[in-house]
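Understanding the architecture of this molecule
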Amino acid sequence: MNSLQSRIIFSILLAILGLALLFLFVQDKTSSERHQQAEINQYISKLEQLDAKLEKQILLMDSWYFRSYDELNSVYTDYKETLASPPSLPDTLAPCIPELQASLEEKFPLIEQLKSNNALLRNSLNYLPNLIEVMFNRLETAKQQRQITAETSILFRNYLQNEVIQSLTNQLVDYRLETHQVMPYSGLLPEELQPLWENMLKHLSLLNMHRDNNIKLSQQLESIAMQSKIEDFNKLFSEHLAFLDEHREQQQTWLGIYVLAGLLLISVLIYALRHYHEQHYFHKTESMTDTLTGLGNRRLLEQQLPVLFNEAKRNHTSLGILFIDLDGFKAVNDTLGHQQGDELLRHIANELQLSLRENDLVIRFGGDEFVLAIANANKDILERIAKNTLRLCSTTLEQNIRVSASIGISHYPSNTRNMHELVELADQAMYQAKQEGKQCIRFYTPE
């Protein structure tokens, strides 16, 4: 594998890896975004629940039966801790949390004031019935003792009843009943009743003051609209989701483009690799092929001989080499011309190839020399093949020009166990055949 092939394969792997990483990145980002969206959605729902619970506790504080602030304190603590630990938020949503925290911090002191004021108001309301009863009893006693008239007793009782009803009505329905009644002159009462009357009026005044404070504090709490801020938070989140959906569509479009571009690049690289292999195979085949006869040349012999030799060595079989040199071929070129000589070489090459097995090797060694590599053949078989080859190479041409062949044979393992000596020994045997008259076969024999 040369450097060009390595670079093409590396580029293909790099492109595949890039597409895989891009796909994993998009999947991971999409999964992270969905996980973040689920967390934010749950977070907003929790804020809405806590805000509703807090508002409920604030409303319950106005009830006469409200006795414990534990639930209110617990809801406030949860609310504050939830705002202090939000999930991961995008930049567009992050400012909402400080705003909610500031509102809650602003709201809590008002809640504390409302708690204190409600405690005073409930204490006043609890004490009021006893105070009224004492006042009514004292008025009744003063009437019986003729310290005041019955009309005066009724006047003070009615005024007191109307004021109490007004105060209680305002507390219950937050609505002031306008009676336009005139306060009775306290000088009509006996001297010992006047301090009690003044105390009664003062108590009613404090009751109304606490009730007015409750209204003011409730209005201030309502003005700190955390629910609207949570709704704004939720609205921004919805806009963020819409933006993500639009961005995701664009992202999918670009991802499709990248994938198509990547597949196109991979296809081009695969085509380049295939073209390279074809060209490489063509050049390799061309470099190992004799252009005149189409047979393999010396390069092919150098490549395939080790394969045949190692196979014979591994399987404990034999390998024969026939070295062929044509006799009288020079006269063909000199007399009939090189074109006729080339035609004769092509004819002999074709005959040799057709006469052998598919796994046998036929090589044009050079000029008018051929080499045959015969696998798994003993000396008898090699001799039979050599005689047939001798027949194929023997012919008479125009002007009585006779062409024959001298064939030398070497054999593994009987002649040598060295692969590099096989062709050389067959060549030596071929020269021996030429020296002994040509047109004959000789096995290699050591001198």
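Everything numeric here is computed off the predicted structure, so don't read it as measured data.

1. Topic: a negative patch on the surface
A contiguous patch of negative charge on the surface is contributed by E48, E99, E231 and D232. Tracing the chain through its elements places E99 in helix α3 (residues 96-144). Among the residues examined, E99 registers a relative accessible area of 45% and is labelled partly exposed.

2. What about unusual backbone geometry?
Cis geometry marks the peptide bond from Y412 to P413; its omega dihedral reads 15°. Checked against the element boundaries, P413 lands in the loop between β5 (402-412) and α11 (419-435). One non-glycine residue with positive phi stands out, namely N376, at about 55°. Counting through the fold element by element, N376 comes out in the loop between β3 (369-375) and α10 (379-393). Positive phi outside glycine occurs at Q439, with the angle close to 45°. Within the fold, Q439 resides in the loop between α11 and β6 (441-443).

3. A few points about the pattern of salt bridges
Scanning the model with the defined rule gives 13 salt bridges in all. A salt bridge links R364 to D290; its shortest N-O distance comes to 3.2 Å. Remark: D290 occurs in the loop between α6 (226-287) and α7 (298-315) and R364 occurs in strand β2 (residues 361-366); sequence separation between them is 74 residues. Residue classification places D290 among the buried residues on the basis of a relative accessible area of 12%.

4. Overview of the packing of aromatic side chains
In total, this model carries six aromatic pairs according to the counting rule given. Measuring from centroid to centroid gives 3.9 Å for Y76 and F108, while their planes differ by 20°, and the two rings are stacked. Highlighted residues: Y76 in helix α2 (residues 70-84) and F108 in helix α3, separated in sequence by 32 residues. The exposure class assigned to F108 is partly exposed, which follows from its relative accessible area of 23%. For the pair F309 and Y412, a centre-to-centre distance of 4.8 Å together with 55° between the ring planes defines the contact as tilted. Of this pair, F309 sits in helix α7 while Y412 sits in strand β5; the two residues are 103 residues apart in sequence, bridging distant segments of the chain. Taking the relative accessible area as the measure of exposure, F309 reaches 6% and is therefore buried. By way of ring pairs, the aromatic residues F156, Y159 and W197 are connected into one cluster. Positioned above the aromatic ring of F136 is the side chain of R157, whose terminal nitrogen or guanidinium carbon lies 4.2 Å from the ring centre.

5. Things to note about α10
A rise of 1.5 Å per residue sets the reference length of α10, with its 15 residues, at 21 Å; its end C-alpha atoms lie 21 Å apart and thus fit the reference within 8%. Considered for burial, the residues of α10 that qualify are L382, I385, A386, T389, L390, L392 and C393. Buried residues of α10, seen end-on, are gathered within an arc of 160° and therefore sit on one face of the element. Residues of α10 that are exposed and point more than 90 degrees away from the buried face comprise D380, R384, K387 and R391. Each element contacted by the buried residues of α10 is listed here: β1 (319-327), α9 (338-355), β3, β4 (395-396), β5 and β6.

6. Remarks on the environment of I401
With respect to the secondary-structure elements, I401 resides in the loop between β4 and β5. Looking at I401, the relative accessible area reads 9%, which means it is buried. Here the alpha-carbon distance between I401 and L336, two residues 65 residues apart in the chain, equals 9.2 Å. The contact partners of I401, leaving out residues within four places of it in the chain, are G328, A331, V332, T335, L336, T395 and T396.

7. Overview of α2
Spanning 15 residues, α2 covers 21 Å between terminal C-alpha atoms, matching the ideal 21 Å at 1.5 Å per step. Those residues of α2 that fall on the buried side of the exposure criterion are L72, V75, Y76, Y79, T82 and L83. The arc enclosing the buried residues of α2, seen along the axis, measures out at 130°, which places them on a common side. Turned more than 90 degrees away from the buried face of α2, the exposed residues are D70 and A84.

8. Side note on the packing of α7 against α11
Relative to each other, α7 and α11 sit at 115°, their axes nearing to 10 Å. Taken together, the axes of α7 and α11 lie roughly perpendicular to each other. Along this stretch, α7 crosses α11, giving a crossing that reads as right-handed. The segment α7 lies against α11, with L301, L305, P306 and F309 engaging M419, L422 and V423. Its residues assigned to classes, the contact of α7 with α11 comprises seven nonpolar, no polar and no charged.

9. Details of a nonpolar patch on the surface
A cluster of nonpolar side chains, L14, L17 and L21, forms an exposed patch at the surface whose accessible area comes to about 290 Å². Position of L17 relative to the elements: it lies in helix α1 (residues 3-60).

Here is what the cut-offs are and how they apply
Residues numbered from 1 in each chain as written. Predicted model: local features only at pLDDT ≥ 70, side-chain atom pairs only at ≥ 80, totals over all residues. Heavy atoms only, no water. Patch = residues over 30% accessible without salt bridge, like charges linked within 9 Å, V, L, I, M, F, W, Y side chains within 5 Å. Areas by Shrake-Rupley, 256 points an atom, 1.4 Å probe, with all protein chains shown as cover. Salt bridge = Lys/Arg side-chain N within 4 Å of Asp/Glu carboxyl O. Lys, Arg positive; Asp, Glu negative; His and termini not counted. Charge placed at Lys NZ, Arg CZ, Asp CG, Glu CD. Helix = DSSP H or I, 4+ residues; strand = E, 2+ residues; numbered from the N terminus. Buried < 20%, exposed > 50% of the residue type's maximum accessible area, 1.4 Å probe, protein only. Phe/Tyr/Trp six-rings, centres within 6.5 Å; stacked < 30°, edge-to-face > 60°. Lys NZ or Arg CZ within 6 Å of the ring centre and 35° of its normal. Expected span 1.5 Å × (residues − 1). Arc of directions from axis to C-beta. Contact = heavy atoms within 4.5 Å. Axes fitted to C-alpha atoms, helices over the stretch in contact; angles between N-to-C directions. Parallel < 35°, antiparallel > 145°, perpendicular 65-115°, else oblique. Left-handed = near helix turned anticlockwise from the far one by under 90°. Nonpolar A, V, L, I, M, F, W, Y, C, P; charged D, E, K, R; others polar.

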